[in-house]
Amino acid sequence: MNIQTYEHDVIVVGAGGAGLRAAIEASAAGVSVGLVCKSLLGKAHTVMAEGGIAAALANVDERDNWKVHFADTMRGGQYVNNWRMAQIHAQEAPDRVRELEAWGAVFDRTPDGRILQRNFGGHRYPRLAHVGDRTGLEMIRTLQDHGIHQGIAVYMECTIISLLKDGERVVGALGYYRENGRFVVFHAKAVVLATGGVGKAYKITSNSWEYTGDGHALAYHAGAELQDMEFVQFHPTGMVWPPSVRGILVTEGVRGEGGILLNSEGRRFMFDDIPENYRNQTAKNEEEGFRYCLGDKNANRPPELLTRDHVARCIRREVKEGRGSPHGGVYLDVSWMTKPGAFSKFKDPEFVRSRIKDPVEHIKKKLPSMYHQFKELGGLDITKEPMEVGPTTHYIMGGIRVDPDTQMSRVPGLFACGECACGINGANRLGGNSLSDLLVFGKRAGEFAAKYAKEHSAGRINPQQVEEEMRAALAFLDSPLGQENPFQVQYDLQNVMQDLVGIVRTEAEMVKALERIQELKERAKRSFAPGNREYNPGWHTCLDLRNLLTVSEAITRAAIERRESRGAQFREDYPEKKAEYGNRNTIVSKGPNGEMQFRWEPIPEMPAELKRIIEEMK
Amino acid sequence: MGKVTFRIWRGDKSGGDFKDYQAEISEGMVVLDAVHQIQATQAPDLACRWNCKAGKCGSCSAEVNGKPRLMCMTRMDTLPHDQPVMIQPMKAFPIIRDLVTDVSWNYRVNKLIPPFKPRPPDAPDGTWRMGQEEVDRIQEFRKCIECFLCQNVCHVLREHHRFGQTDEKGQLTSGQGPSEAELFGGPRFMIRVASLEMHPLDTVNRLPLLQKELNIGLCNITKCCTEVCPEHIHITDNGIIPLKERVVDEFYDPLMWAVRKVGEALGVRRRKSLPMVNP
Ligand SMILES: Cc1cc2nc3c(=O)[nH]c(=O)nc-3n(C[C@H](O)[C@H](O)[C@H](O)COP(=O)(O)OP(=O)(O)OC[C@H]3O[C@@H](n4cnc5c(N)ncnc54)[C@H](O)[C@@H]3O)c2cc1C
Ligand code: SF4
Ligand code: SF4
Ligand code: FES
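Residues numbered from 1 in each chain as written. Chains lettered and ligands numbered in written order. Predicted model: local features only at pLDDT ≥ 70, side-chain atom pairs only at ≥ 80, totals over all residues. Heavy atoms only, no water.

Brief notes about the overall build of chain B
Logical step 1: When you go through chain B residue by residue, the secondary structure sums to 10 helices and 9 strands.
Logical step 2: Here chain B holds 279 residues, and the buried ones make up 58% of them.
Logical step 3: Across chain B, every contact between residues at least 6 apart in sequence was considered, and the portion connecting residues at least 24 apart equals 63%.
Logical step 4: Accessible surface, chain B: about 11,600 Å² in total, of which carbon and sulfur atoms supply 54%.
Logical step 5: Across chain B, the centroid of the 37 positively charged side chains sits 2 Å from that of the 35 negatively charged ones. (Helix = DSSP H or I, 4+ residues; strand = E, 2+ residues; numbered from the N terminus. Buried < 20%, exposed > 50% of the residue type's maximum accessible area, 1.4 Å probe, protein only. Contact = heavy atoms within 4.5 Å. Areas by Shrake-Rupley, 256 points an atom, 1.4 Å probe, with all protein chains shown as cover. Lys, Arg positive; Asp, Glu negative; His and termini not counted. Charge placed at Lys NZ, Arg CZ, Asp CG, Glu CD.)

See below:
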């Protein structure tokens, strides 16, 4: 086998927040670590995160603690979360955030000089540590600048296309360098997947090109299970106009700072439909909602800050019933507070005026990148006019099934963390819980992968497997099978998923989607990339497509089986939540003949102590 | 809105040339959309880097009609449509293919900078206290998305090629001999050092590094870097100039640095004389 090979104890695939944190931890445990990423270091998706990191630091509201965070996460996830992961996450997130500060992160501050925290949907108290609306950048840069001094070997612009196995065990990975198309083998005792999400399966998404579900598909083919794949989060507020920016995220922070949702009739429709289990925590009127945004501890949150699944569906309803904006969204307005007399309608306008001296400056200071994003891409000044927004594919709650404490999958030596792993979020993720998830479980994955590497010797790489994978990859350059344009296949797949497995689902449409996915699989096999192996995007797309098709099928199969509506999954044919689905997770895995298998996994009984916490917080 | 011609540089290390493509323009479109359209319909092997398409990752840097820009933040309606839109890779860095350049040198410079090392925690729970006004100025520097456009336009790198030398171990050094062997860290890393030097908690002295390894003296304050920064960071006024002053202070009075750092540790505000432009 004449191919470049690197030896490491632990290989981490992915250099977002989760991968970097895992690599730092594994390296600190004294093992040799290689970190592989598809794009340049520091460009991973994490860099785009805006709103903040959820952690019960209790810097802004002393009533906060891990128990409240845990209960909020479980409520948001509609109780199909892995409760153990939700518990670990809530308990460990504060330490992980403080650790970032010790590594040089500079969060926004409270008046007494501590880390400032902001409100976000579904979080009872102001909980998100943040830096304006560029928190992800701060996080990734801090981890990157800390990580490069820890003796980690970094392999940039290198894409992993398959995991290598020795019997049951994972013993390495095969990849190629984008620059020259050359293959490379990473021989390792443990592999950590931290590859992020799957948003590129949909037409309208806030996600970048990297989100093709690589880690999900790699793990699936290596024998791991994928759990809860039906739960795809549609963020309620993406840009809808102009067409070329459709899907780009408008951070929830806009609503956290007092942005309101209006339909074409000017009605604040979110007040019309407040779910029972959130009624006690939701503002009774506009003034109370705004006071909450300004930090009044006795006020409840405005209905715009209900969970994402709910807000997204309300927006869709308004549009469907003909009350949408000209480009098929609704209005999100912060400019209302800059209008003369905006606060006079309140009973206590002085409270507001004492907190907001200059509304225009207030908006620019709190939401600088949103201000720029609309100014530069939408030609619109958000301090003067409302934005047009609509749902966009944002995040996948489902992912690789792992042990809650160690993050190891059922394949020995294969670990997963971050968005590509599953468990903490249940049926719906709360904003801010991803960045904290990356830190908490990235650290754990690194720790336990290092431990595993220390306890095991290196396995043997099977040259035949490597040969086969390389041959399959190169076939797209020769087009022995046909001349399909991979970009067109990807585009068609995105339309199928958007139209048939989107925010509102029915059995009939999803069955149709499965048929279409089978056809697309055949076309993908025939896809062809003219040119050579050097930095050839057509070829990269051919390779990514295989993963996108695998995760699209997994999402669809799981969504068909869950015949109820819960969290992010809304079934028009089963619009109610059903108790019998409340205690189990969907699982897909690769069957003996290569077909996708489905099964249900019961959720283990929650310990009495955690049940009590949930009851108390109701 | 009709078709526009794009004149895109195609080639690799061994050379290349411009090639014309047509793309259909629609409302609100950015240059990167056009490149994608061309990729999907006419030139599937047209290489370009991008990730976020929202101006957040700094991957899609190129020269559009001769101006260093993020392709994803350059709207088509800001460019004339009656003549070809020229797209070229960044000039300062070696070509990989088409619009993709080898920016790995920047990562090697970054590695030369000693990491953040905080003073002991202020509170028994292991945390620190800093005021918002203390962190405002370094938050400006930390907005950097590493697009390397400032590095690309800085004449010290672009024209005078002060990229230093890389030793056997892959480590960058400021070499001896011809001036090209001398290293200039470039504006990106000047503000990275500034973000550490002005960090209220940091305890490391990086002024010798600035003076010797990163050769801050080679900057003659042309401000070209500041002009192209898509994050509107005041690289020169708020970063490089104050650093130059500190380097000079340290050179004449090595005690200055210690005084300043101790002052910072005690929570004393910085010297008033440092110019501060509002971000
Ligand atoms: C616009 C936006 C805003 C967001 N805001 C927030 C927020 O405010 N708070 C919050 O908590 N969450 C937020 N999220 C969600 C959060 O950012 C992501 O869930 C999180 O960053 C994912 O991190 P990760 O480490 O799992 O993966 P990523 O950061 O996506 O990193 C994935 C890494 O894997 C690499 N990779 C992928 N495939 C391969 C392969 N085949 N071979 C080699 N490498 C590979 C990539 O190159 C990359 O380095 C936001 C998401 C978006 C899109
Ligand atoms: S101001 Fe200095 S760093 Fe910036 S472009 Fe000019 S010489 Fe380069
Ligand atoms: S300082 Fe500005 S121009 Fe330079 S790399 Fe950072 S963001 Fe880009
Ligand atoms: S693609 Fe991220 S900055 Fe342009």
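Things to note about the overall build of chain A
Logical step 1: Each helix and strand counted, chain A has 17 helices and 19 strands in total.
Logical step 2: The globule rule puts the C-alpha radius of gyration for 618 residues at 25 Å, and the 24 Å found for chain A is close to it.
Logical step 3: In chain A, buried positions account for 68% of the 618 residues.
Logical step 4: Put simply, 74% of the contacts in chain A that link residues at least 6 apart link residues at least 24 apart.
Logical step 5: Accessible surface, chain A: about 20,200 Å² in total, of which carbon and sulfur atoms supply 48%.
Logical step 6: Computed over 80 positive and 82 negative side-chain charges, the separation of the two mean positions in chain A equals 1 Å. (Rg over C-alpha atoms; globule rule 2.2 N^0.38 Å.)

A short note on the interface of chain A and chain B
Logical step 1: At the junction of the two partners, chain A supplies 60 residues and chain B supplies 58 residues.
Logical step 2: Summing the contributions of chain A and of chain B, the shared interface buries around 4,900 Å²; its carbon and sulfur component is 54%.
Logical step 3: It is Lys-43, Val-106 and Tyr-535 of chain A in chain A that bury the most area against chain B; as a group they hold 13% of the surface buried on that side.
Logical step 4: For the pair chain A and chain B, the number of links is 6 salt bridges.
Logical step 5: Put simply, Arg-141 of chain A and Glu-146 of chain B hold a salt bridge, and the shortest N to O gap is 3.9 Å.
Logical step 6: Among the elements of the structure, helix H3 (83–102), helix H4 (135–147), helix H11 (368–378) and helix H16 (537–561) of chain A are those that each provide at least two residues to the side of chain A that touches chain B. (Buried area = accessible area lost by both parts, 1.4 Å probe. Salt bridge = Lys/Arg side-chain N within 4 Å of Asp/Glu carboxyl O.)

A short note on the environment of Arg-410 of chain A
Residues and elements named next belong to chain A.
Logical step 1: With respect to the helices and strands, the residue Arg-410 is situated in the loop between strand S15 (399–401) and strand S16 (414–416).
Logical step 2: With 241 residues separating them in the primary sequence, Arg-410 and Arg-169 have C-alpha atoms 9.7 Å apart.
Logical step 3: The residues contacting Arg-410, other than those within four sequence positions of it, are Gly-223, Ala-224, Glu-225, Arg-401 and Ser-589.
Logical step 4: Polar contacts involving the side chain of Arg-410 include one to the main-chain carbonyl oxygen of Gly-223, which spans 2.8 Å.
Logical step 5: Among the polar contacts made by the side chain of Arg-410, one reaches the side chain of Glu-225 at a distance of 3.3 Å. (Polar contact = N/O pair within 3.5 Å; in protein donor to acceptor, adjacent residues only side chain to side chain.)

Considering the packing of aromatic side chains
Each pair of aromatic rings is reported with the distance of its centres and the angle of its planes.
Residues and elements named next belong to chain A.
Logical step 1: Under the defined criterion, the tally for this structure stands at 19 aromatic pairs over all chains.
Logical step 2: Seen in terms of ring centroids, Tyr-176 and Trp-539 are 5.0 Å apart; in terms of plane orientation they differ by 40°. Their pairing is tilted. Here Trp-539 lies in helix H16 and Tyr-176 lies in strand S8 (residues 169–177), a separation of 363 residues in the sequence. Trp-539 carries the same exposure label as Tyr-176, and that label is buried.
Logical step 3: Seen from their ring centres, Phe-343 and Phe-346 are 6.3 Å apart, and the 20° between their planes marks the pair as stacked.
Logical step 4: Among the residues examined, Phe-343 registers a relative accessible area of 6% and is labelled buried.
Logical step 5: In textbook terms, an aromatic cluster arises when at least three aromatic residues are bridged by ring pairs, as seen for Phe-290, Trp-336, Phe-343 and Phe-346.
Logical step 6: In this structure, Arg-291 packs its charged tip against the face of Phe-351, placed 3.9 Å from the ring centre.
Logical step 7: Over the ring of Tyr-581 we find Arg-584; its NZ or CZ atom is 4.8 Å from the centre of that ring. (Phe/Tyr/Trp six-rings, centres within 6.5 Å; stacked < 30°, edge-to-face > 60°. Lys NZ or Arg CZ within 6 Å of the ring centre and 35° of its normal.)

So, the pattern of salt bridges
In a structure, side chains of opposite charge can pair up when their charged atoms sit close to one another.
Residue and element names in this part refer to chain A.
Logical step 1: Going through the model one piece at a time under the given rule, you end up with 81 salt bridges over all chains.
Logical step 2: For Glu-286, the salt bridge identified is with Arg-268, shortest N-O distance 3.7 Å. One end of the pair, Glu-286, is in helix H7 (residues 286–293); the other, Arg-268, is in the loop between strand S12 (260–262) and H7, with 18 residues separating them in the sequence.
Logical step 3: The exposure class assigned to Arg-268 is buried, which follows from its relative accessible area of 10%.
Logical step 4: Of the charged contacts, one joins Glu-484 and Arg-523 as a salt bridge, the two residues approaching to 3.3 Å between their closest N and O atoms. Within this pair, whereas Glu-484 is found in the loop between helix H13 (463–478) and helix H14 (486–500), its partner Arg-523 is found in helix H15 (residues 507–525), the two being separated by 39 residues in sequence. Assigned by exposure class, Glu-484 and Arg-523 land together as buried.
Logical step 5: Beyond isolated ion pairs, a larger network of salt bridges with shared partners links Arg-21, Glu-25, Arg-96, Glu-99, Lys-443 and Glu-447.

Describing the site of ligand 3
Logical step 1: If you check the shell around ligand 3, you find Cys-144, Ile-145, Glu-146, Cys-147, Phe-148, Cys-150, Ile-191, Cys-229, Pro-230 and Ile-235 of chain B and nothing else.
Logical step 2: Class assignment of the residues belonging to the shell around ligand 3 gives a composition of 9 nonpolar, no polar and 1 charged. (Near = heavy atom within 4 Å. Nonpolar A, V, L, I, M, F, W, Y, C, P; charged D, E, K, R; others polar.)

Examining the site of ligand 2
All names here are of chain B.
Logical step 1: For ligand 2, the full set of nearby residues is Cys-154, His-155, Pro-187, Cys-219, Asn-220, Ile-221, Thr-222, Lys-223, Cys-224, Cys-225, Thr-236 and Ile-240.
Logical step 2: Of all the secondary structure elements, the ones that give two or more residues to the shell around ligand 2 are helix H8 (224–228) and helix H9 (235–252).
Logical step 3: Per-class residue counts for the shell around ligand 2 are 7 nonpolar, 4 polar and 1 charged.

Section: the sheet that holds strand S10 (residues 226–227) of chain A
Residue and element names in this part refer to chain A.
Logical step 1: Taken together, the 5 strands give an open sheet; going across it, the order is S17-S15-S10-S18-S19, and neighbouring strands pair in mixed fashion. Each edge of the open sheet carries a strand with a single partner, namely strand S17 (421–422) and strand S19 (596–602).
Logical step 2: Sheet strands touched by helix H5 (residues 214–221): S10, S15, strand S18 (584–590) and S19. Its angle to S15, the strand with the most contacts, is close to 35°. (Pairing = 2+ DSSP bridges. Axes fitted to C-alpha atoms, helices over the stretch in contact; angles between N-to-C directions.)

Let's talk about the sheet that holds strand S5 (residues 128–129) of chain A
Two pairing modes exist for strands in a sheet, parallel and antiparallel, and in both the strands are linked by backbone hydrogen bonds.
Residue and element names in this part refer to chain A.
Logical step 1: Taken together, 3 strands build an open sheet; the order of strands is S3-S5-S4 and the sheet is antiparallel. This sheet does not close on itself; its edge strands, each paired only once, are strand S3 (53–54) and strand S4 (117–118).
Logical step 2: Where S4 meets S5, 2 bridges bridge the pair, whose relative direction is antiparallel. Looking at the pairing, Gln-117 lines up with Ala-129 of S5.

Examining the domain arrangement of chain B
All names here are of chain B.
Logical step 1: When the domains of chain B are assigned, the result is domain 1 (2–101) and domain 2 (104–265).
Logical step 2: Between the C-alpha centres of domain 1 and domain 2 there is a distance of 31 Å.
Logical step 3: Facing the 14 residues of domain 1 at the interface are 15 residues of domain 2.
Logical step 4: Broken down residue by residue, the surface that domain 1 buries against domain 2 is led by Pro-68, Ala-92 and Phe-93, which jointly contribute 48%.
Logical step 5: Across the contact surface, domain 1 and domain 2 share 1 salt bridge. (Domains from an automatic or database assignment.)

Some points on the domain arrangement of chain A
All names here are of chain A.
Logical step 1: Domain assignment breaks chain A into domain 1 (4–60 + 127–234 + 399–455), domain 2 (235–392) and domain 3 (474–580).
Logical step 2: Put simply, the middle of domain 2 and the middle of domain 3, counted by C-alpha atoms, are 33 Å apart.
Logical step 3: Each side of the interface is counted separately: domain 2 has 6 residues, and domain 3 has 6 residues.
Logical step 4: Applying the counting criterion to the domain 2 and domain 3 interface returns 1 salt bridge.
Logical step 5: The shortest N-O distance in the salt bridge between Glu-572 and Lys-320 comes to 3.6 Å.
Logical step 6: Here domain 2 is connected to domain 3 by 1 residue pair in polar contact (both at pLDDT 80 or more).
Logical step 7: When residues in the side of domain 2 that touches domain 3 are grouped by element, the largest group, 5 residues, is from helix H8 (residues 308–320).

A closer look at H3 of chain A
It helps to recall that an α-helix has 3.6 residues per turn; residues three or four apart then point in one direction.
All names here are of chain A.
Logical step 1: The terminal C-alpha atoms of H3, which comprises 20 residues, lie 29 Å apart, in line with the 28 Å expected from a rise of 1.5 Å per residue.
Logical step 2: In the structure, H3 departs most strongly from a straight axis at Glu-92, where the bend amounts to approximately 40° and where the proline Pro-94 lies between one and four residues downstream.
Logical step 3: For H3, the tally of buried residues reaches 14 of 20 residues, placing the bulk of the element in the interior.
Logical step 4: The backbone nitrogen of Arg-84 has a side-chain oxygen 3.0 Å away, supplied by the residue at the start of H3, namely Asn-82. (Expected span 1.5 Å × (residues − 1). Bend = angle between axes of the 7 residues up to and from the residue.)

Overview of helix H10 (residues 359–366) of chain A
Residue and element names in this part refer to chain A.
Logical step 1: Those residues of H10 not exposed but buried are Pro-359, His-362 and Ile-363. Seen along its axis, H10 keeps its buried residues to an arc of 95°; they face one direction.
Logical step 2: Between a side-chain oxygen at the N-terminus of H10 and the backbone nitrogen of Val-360 the separation is 3.1 Å; the capping residue is Asp-358. (Arc of directions from axis to C-beta.)

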